[in-house]
Amino acid sequence: MFSKKIDNYTDKVHFDVDTLNIGHHSLQYKGVPIIKCPFDYVMYQMIFWEIKPDLIIEIGTNRGGSALYYADLLDIIGHGEIHTIDIDDVVFKEVKMHKRINFFRDGYQNYDLKNTEGFKKIIVIEDGSHTYEDVIASLEKFKDVVTEDSYFIVEDGIIDKLGWKKKYNGGPNKAIKEFIAGQSSYVIDRKWCDLFGINATFNTNGFLKKSGKK
Ligand SMILES: C[S@@+](CC[C@H](N)C(=O)[O-])C[C@H]1O[C@@H](n2cnc3c(N)ncnc32)[C@H](O)[C@@H]1O
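Residues numbered from 1 in each chain as written. Predicted model: local features only at pLDDT ≥ 70, side-chain atom pairs only at ≥ 80, totals over all residues. Heavy atoms only, no water.

**Comments concerning the packing of helix H5 (residues 132-142) against helix H6 (residues 171-181)**
Thought 1: Where H5 contacts H6, the two axes come as close as 8 Å, and the packing angle between them is 40 degrees. Taken together, the axes of H5 and H6 are oblique relative to one another. In terms of crossing hand, the pair formed by H5 and H6 is right-handed. Where H5 abuts H6, its residues Tyr132, Val135, Ile136, Leu139 and Glu140 lie against Gly171, Pro172, Lys174, Ala175, Glu178 and Phe179.
Thought 2: Considering only residue class, the contact of H5 with H6 consists of 7 nonpolar, 1 polar and 3 charged. (Axes fitted to C-alpha atoms, helices over the stretch in contact; angles between N-to-C directions. Helix = DSSP H or I, 4+ residues; strand = E, 2+ residues; numbered from the N terminus. Parallel < 35°, antiparallel > 145°, perpendicular 65-115°, else oblique. Left-handed = near helix turned anticlockwise from the far one by under 90°. Contact = heavy atoms within 4.5 Å. Nonpolar A, V, L, I, M, F, W, Y, C, P; charged D, E, K, R; others polar.)

Quick look at the structure:
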């Protein structure tokens, strides 16, 4: 009969959106901070493998963990590049040095769409300020850049569930609803939104698939 107390063992199991939010601020990719919900982290490699993009535009670089992760995934696929955009420069040098990464410092507003010419499969990932105004403006600016059967991914609609909707003037979900209602090229792809449960993602309703129909 064992009577020794086992350190660190518990029968309790508890996690939810709040604990995921706290944890996702401590994630790193190859030592570089990456602010990504773990569900989304794993879905991105599946989406990239499915689409095999030759260009990923990321709005919101921060330290660059996500850009580095995406670039390494493109290495595995064997082609493609990342255009990652921010308004600050806190980007780790190994991110800037990666051969597949181009860093743009002047915000999505000043990104020249001519930079997308010649690419055949383009994904856009919006992970910037998360205000309603910036998300809807990004959707409008980049909607024609995303190629047929590819994705415009809007991150962090989860702020509603976290109780921060007001702070972001309605945030990503308000922008997504308005955008989707006003056009017919994109649909919300529930395959990704609901993979782990209904909107079990930080990108709630945010996997927008372009059908090509106008
Ligand atoms: C949530 S962080 C990005 C996190 C990063 N994609 C990751 O997964 O690790 C949001 C970033 O958006 C940037 N940002 C804010 N306004 C922006 C704008 N107008 N254009 C591009 N980036 C912007 C912020 O400076 C911040 O670094």
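Anyway, onward from the coordinates.
**A closer look at the site of the ligand**
Thought 1: Lining the immediate surroundings of the ligand are 20 residues, of which Ile35, Gly60, Ser66, Asp86 and Asp127 lie closest.
Thought 2: Within the side chain of glutamate 58, one N or O atom sits 3.3 Å away from a nitrogen atom of the ligand.
Thought 3: Coverage of the ligand by the protein chains reaches 88% of its 600 Å² of free accessible surface. (Near = heavy atom within 4 Å. Polar contact = N/O pair within 3.5 Å; in protein donor to acceptor, adjacent residues only side chain to side chain. Areas by Shrake-Rupley, 256 points an atom, 1.4 Å probe, with all protein chains shown as cover.)

**With respect to the side chain of threonine 116**
Thought 1: Within the secondary structure layout, threonine 116 lies in the loop between strand E5 (101-104) and strand E6 (122-126).
Thought 2: For threonine 116, a relative accessible area of 10% corresponds to the buried category.
Thought 3: Apart from the residues within four sequence positions on either side, threonine 116 is in contact with Leu55, Ile57, Tyr111, Ile122 and Val145. (Buried < 20%, exposed > 50% of the residue type's maximum accessible area, 1.4 Å probe, protein only.)

**Let's talk about the nonpolar core**
Thought 1: If you look at the biggest cluster of nonpolar residues, it comprises 28 residues, and the most contacted ones within it are Ile47 and Phe48.
Thought 2: Residue assignment for this core shows that the elements contributing at least two residues are helix H2 (38-51), helix H3 (65-77), E6, strand E7 (151-154) and helix H7 (190-193).
Thought 3: Per element, the largest residue contribution to this core is 8 residues, and it comes from H3.
Thought 4: Those residues in contact with isoleucine 47 that lie beyond four places of it in its chain are Ile123, Tyr151, Ile153, Trp192 and Phe207. (Core = buried A, V, L, I, M, F, W, Y, C linked by side-chain atoms within 4.5 Å.)

**Looking at the sheet that holds E5**
Thought 1: Strands sit in the order E5-E4-E3-E6-E7-E9-E8 across an open sheet of 7 strands; the sheet is mixed. Each edge of the open sheet is held by one strand with a lone partner, namely E5 and strand E8 (186-188). Across the sheet, the axes of successive neighbouring strands diverge by a mean angle of 20 degrees, strand direction being ignored.
Thought 2: Note: strand E3 (residues 55-59) against strand E4 (residues 81-85), 5 bridges, orientation parallel. Bridge pairing in E4 links isoleucine 56 to isoleucine 82.
Thought 3: Helix-sheet contacts for H6 involve E7, E8 and strand E9 (207-210), and the interaxial angle to E8 is about 135 degrees. (Pairing = 2+ DSSP bridges.)

**Re helix H1 (residues 17-24)**
Thought 1: Residues of H1 that are buried include every one of Leu20, Asn21 and His24, and no others. Viewed end-on, H1 has its buried residues packed into an arc of 100 degrees, placing them on one side of the element.
Thought 2: Summarising the contacts, the buried residues of H1 are in contact with H2.
Thought 3: The residue sitting at the N-terminus of H1 and contributing the capping side-chain oxygen is aspartate 16; that oxygen lies 3.0 Å from the backbone nitrogen of aspartate 18. (Arc of directions from axis to C-beta.)

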